Number of protein chains: 2
Amino acid sequence: MSTHNKLFNNIRRYVSLSDEEKAGIIEICTESRIKKRQFIEQPGYVSGYRNYVIKGAFRSFFLSNEGKEHTVQIAIDDWFVSDFYSYITQTPATLFVEALEDSLILRMPYGKIEPLCKQYHSLSEYFRVTTEKAFAYSRNRTLSNISKSAEERYLEFLGMYPDMAQRIPQKIIASYLGISPEFLSKIKKNLT
Amino acid sequence: MSTHNKLFNNIRRYVSLSDEEKAGIIEICTESRIKKRQFIEQPGYVSGYRNYVIKGAFRSFFLSNEGKEHTVQIAIDDWFVSDFYSYITQTPATLFVEALEDSLILRMPYGKIEPLCKQYHSLSEYFRVTTEKAFAYSRNRTLSNISKSAEERYLEFLGMYPDMAQRIPQKIIASYLGISPEFLSKIKKNLT
DNA sequence: AGTTTATGTTAACCTAGATTAAGAGATTTT
DNA sequence: AAAATCTCTTAATCTAGGTTAACATAAACT
């Protein structure tokens, strides 16, 4: 299956595309191979792309004043990843986006997506509906962060993203949950 | 100014509407007066509306197993408020949405917004762009929650929503920040 | 106006989770 | 394959923030 078809299969879950629209999308995408540990975004640079993960794994994270890493998002196959705040506001990023595995992505530039959304109703609908969904899920995470214990959040994470638990190093999962790796170790011990 | 015009002014910041589109939107909105302390959404019932606050204040909150309240969102004039997860997935709500003042809202039913977004490209664009923006800001809150101290989050809140600090009871702000009201009291004392 | 009920403050004590440090396994690099 | 560099675990100690309780204020109801 071509890389574009992987994206189209995803889009097809929400809207149907004409051949003209497909051609328009193919035209703005560029395929890119990313090596493990490579950064595709860094603080200081404006995030110029929606990055669709064809195959691989990424995380976005943030370096606190004390030099500690905080993982904001973990993305595997068929997720979009970027410093979304930077992308949307077109202001310099505060997040790193780093490949956790050798990966293959499609990059869709902001400057081309926006006109294309204005031009094609179905593309606008696709991003409207998927962003609404992403936002709804992110609300749930906010809710967990303010109301649940670290152990409860870990169990929730396992239930929600079982594939990631296998694939992603624990210290990154800990930093996604907002706890120290040592404490995650303790939690896992308590669970068995 | 009519209540619909207040909404149209907001929409105009992102897209322009034809008269036909305006009429279509007016047709699906119903105006509603809500008394202080009244609930417009409750756990167990599917959230059927995007509620646009013309005038007033609301919060959405969640009751933990231990019976504690956790405020997810605070909304004043010109914000939308609902149990967004319930609205998007059309599954029963887990949140309450409660008026903090006597308020006036426009209710836009899910079953009518969705077809209208399919029909009118500009309305689809409006919700795409505003939801993308809301999502970007919500990412920032997630980030604060996992990386900042309670005092830092309080200062950030003050900077971001200075009007709310005046208008909203402190115990609700505390529950929005994910801390106890007593601890917020302590923080405020330390700051002066 | 006076009584109830909700909100905010202060202080003493208590826990979830952080930090530090040291050792054991894994992975990478040479 | 050894050396170097990460990742994970365990245990001791420490701290941000929670809990409880008592009192002070301010709203809301009669």
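Keep in mind that what you see is a predicted model, and the values were worked out from it rather than measured.

The rules we used
- Residues numbered from 1 in each chain as written.
- Chains lettered and ligands numbered in written order.
- Predicted model: local features only at pLDDT ≥ 70, side-chain atom pairs only at ≥ 80, totals over all residues.
- Heavy atoms only, no water.
- Buried < 20%, exposed > 50% of the residue type's maximum accessible area, 1.4 Å probe, protein only.
- Helix = DSSP H or I, 4+ residues; strand = E, 2+ residues; numbered from the N terminus.
- Arc of directions from axis to C-beta.
- Contact = heavy atoms within 4.5 Å.
- Least-squares fit on C-alpha atoms with pLDDT ≥ 70 in both.
- Pairing = 2+ DSSP bridges.
- Axes fitted to C-alpha atoms, helices over the stretch in contact; angles between N-to-C directions.
- Disulfide = S-S within 2.5 Å.
- Core = buried A, V, L, I, M, F, W, Y, C linked by side-chain atoms within 4.5 Å.
- Near = heavy atom within 4 Å.
- Polar contact = N/O pair within 3.5 Å; in protein donor to acceptor, adjacent residues only side chain to side chain.
- Nonpolar A, V, L, I, M, F, W, Y, C, P; charged D, E, K, R; others polar.
- Salt bridge = Lys/Arg side-chain N within 4 Å of Asp/Glu carboxyl O.

1. A closer look at helix α6 (residues 150–160) of chain B
Residues and elements named next belong to chain B. Buried within α6 we find Ala150, Arg153, Tyr154 and Phe157. Looking straight down α6, one finds that the buried residues subtend no more than 100° of arc, so they occupy a single side. The elements touched by buried residues of α6 are β5 (69–76), α5 (121–147), α7 (162–167), α8 (170–177) and α9 (181–191).

2. Let's talk about the relation of the copies chain A and chain B
Once chain A has been moved 0.0 Å along the axis and rotated by 180°, it coincides with chain B to within an RMSD of 0.0 Å. The superposition of one copy onto the other is thereby described by a two-fold rotation axis. Nearest to the rotation axis, the C-alpha of A:Arg128 is located 2.0 Å from it, this being the minimum over chain A. Here 100% of the contact residues of chain A are again contact residues in chain B; the copies associate through an equivalent surface.

3. Considerations on the sheet that holds strand β1 (residues 30–34) of chain B
Residues and elements named next belong to chain B. In spatial order, the strands read β1-β8-β3-β6; together these 4 strands make up an open sheet with antiparallel pairing. Either end of the sheet is taken by a strand with one partner, and the two such strands are β1 and β6 (80–81). Here strand β3 (residues 49–55) pairs with β6 via 2 bridges, running antiparallel. Within β6, the residue paired with Asn51 across the bridge is Val81. Here helix α4 (residues 110–119) sits on the sheet in contact with β3 and β8 (103–109), set at roughly 60° to β8.

4. Quick word on the state of the cysteines
Residue and element names in this part refer to chain B. This model, assessed by the stated rule, comprises 0 disulfides over all chains. The cysteine Cys29 is free of any disulfide, with Cys117 supplying the nearest cysteine sulfur at 12 Å. By relative accessible area, Cys29 is classed as buried at 9%.

5. As for the nonpolar core
Counting 50 residues, the largest nonpolar core has A:Leu7, A:Ile25, B:Leu7 and B:Ile25 as its most contacted members. Setting aside its immediate chain neighbours within four residues, B:Leu7 contacts B:Ile25, B:Cys29, B:Tyr52, B:Phe80, B:Leu106, B:Met108 and B:Tyr126.

6. Quick look at the protein's contact with DNA strand D
The local shell around DNA strand D holds 18 residues, among which A:Gln170, A:Lys171, A:Ser185, B:Lys36 and B:Lys68 are the closest. Here the atoms of DNA strand D within 4 Å of the protein split so that 75% fall in sugar or phosphate, with bases taking the remainder. Taking A:Gln170, its main chain carries an N or O atom lying 2.9 Å from a phosphate oxygen of DNA strand D. Measuring from a phosphate oxygen of DNA strand D, one finds a backbone N or O atom of B:Ala150 at 3.1 Å. Counting residues per element, the ones that place at least two in the surface near DNA strand D are α8 (170–177) and α9 (181–191) of chain A together with α6 and α9 of chain B. Class assignment for the residues of the surface near DNA strand D results in 4 nonpolar, 5 polar and 9 charged.

7. Digging into the protein's contact with DNA strand C
Taken together, 16 residues sit near DNA strand C, with A:Lys68, A:Ser180, B:Gln170, B:Lys171 and B:Ser185 positioned nearest. Close to the protein, within 4 Å, the atoms of DNA strand C belong to sugar or phosphate groups at a rate of 78%. Within the backbone of A:Ser180, one N or O atom sits 3.1 Å away from a phosphate oxygen of DNA strand C. B:Lys189 has a polar side-chain atom sitting 3.2 Å from a phosphate oxygen of DNA strand C. Secondary-structure elements contributing two or more residues to the surface near DNA strand C are α6 (150–160) and α9 of chain A together with α8 and α9 of chain B. Of the residues forming the surface near DNA strand C, the biggest block, 3 residues, is contributed by α9(B).

8. Remarks on the pattern of salt bridges
According to the stated counting rule, one finds 28 salt bridges over all chains in the structure shown. For A:Arg50, the salt bridge identified is with B:Glu132, shortest N-O distance 2.3 Å. With A:Arg50 in strand β3 (residues 49–55) and B:Glu132 in helix α5, this residue pair bridges two chains. A residue is classified by how much of its surface remains accessible, and A:Arg50, at 6% relative accessible area, is buried. When the shortest N-O distance is used, the salt bridge between A:Glu114 and A:Lys118 registers 3.5 Å. Of this pair, A:Glu114 and A:Lys118 both sit in helix α4 (residues 110–119), separated by 4 residues, roughly a single helical turn. You can call A:Glu114 buried: its relative accessible area is 14%. By relative accessible area, A:Lys118 is classed as partly exposed at 46%. When salt bridges with common partners are traced through the structure, they connect A:Arg50, A:Glu114, A:Lys118, B:Glu125, B:Arg128 and B:Glu132 into a single cluster.

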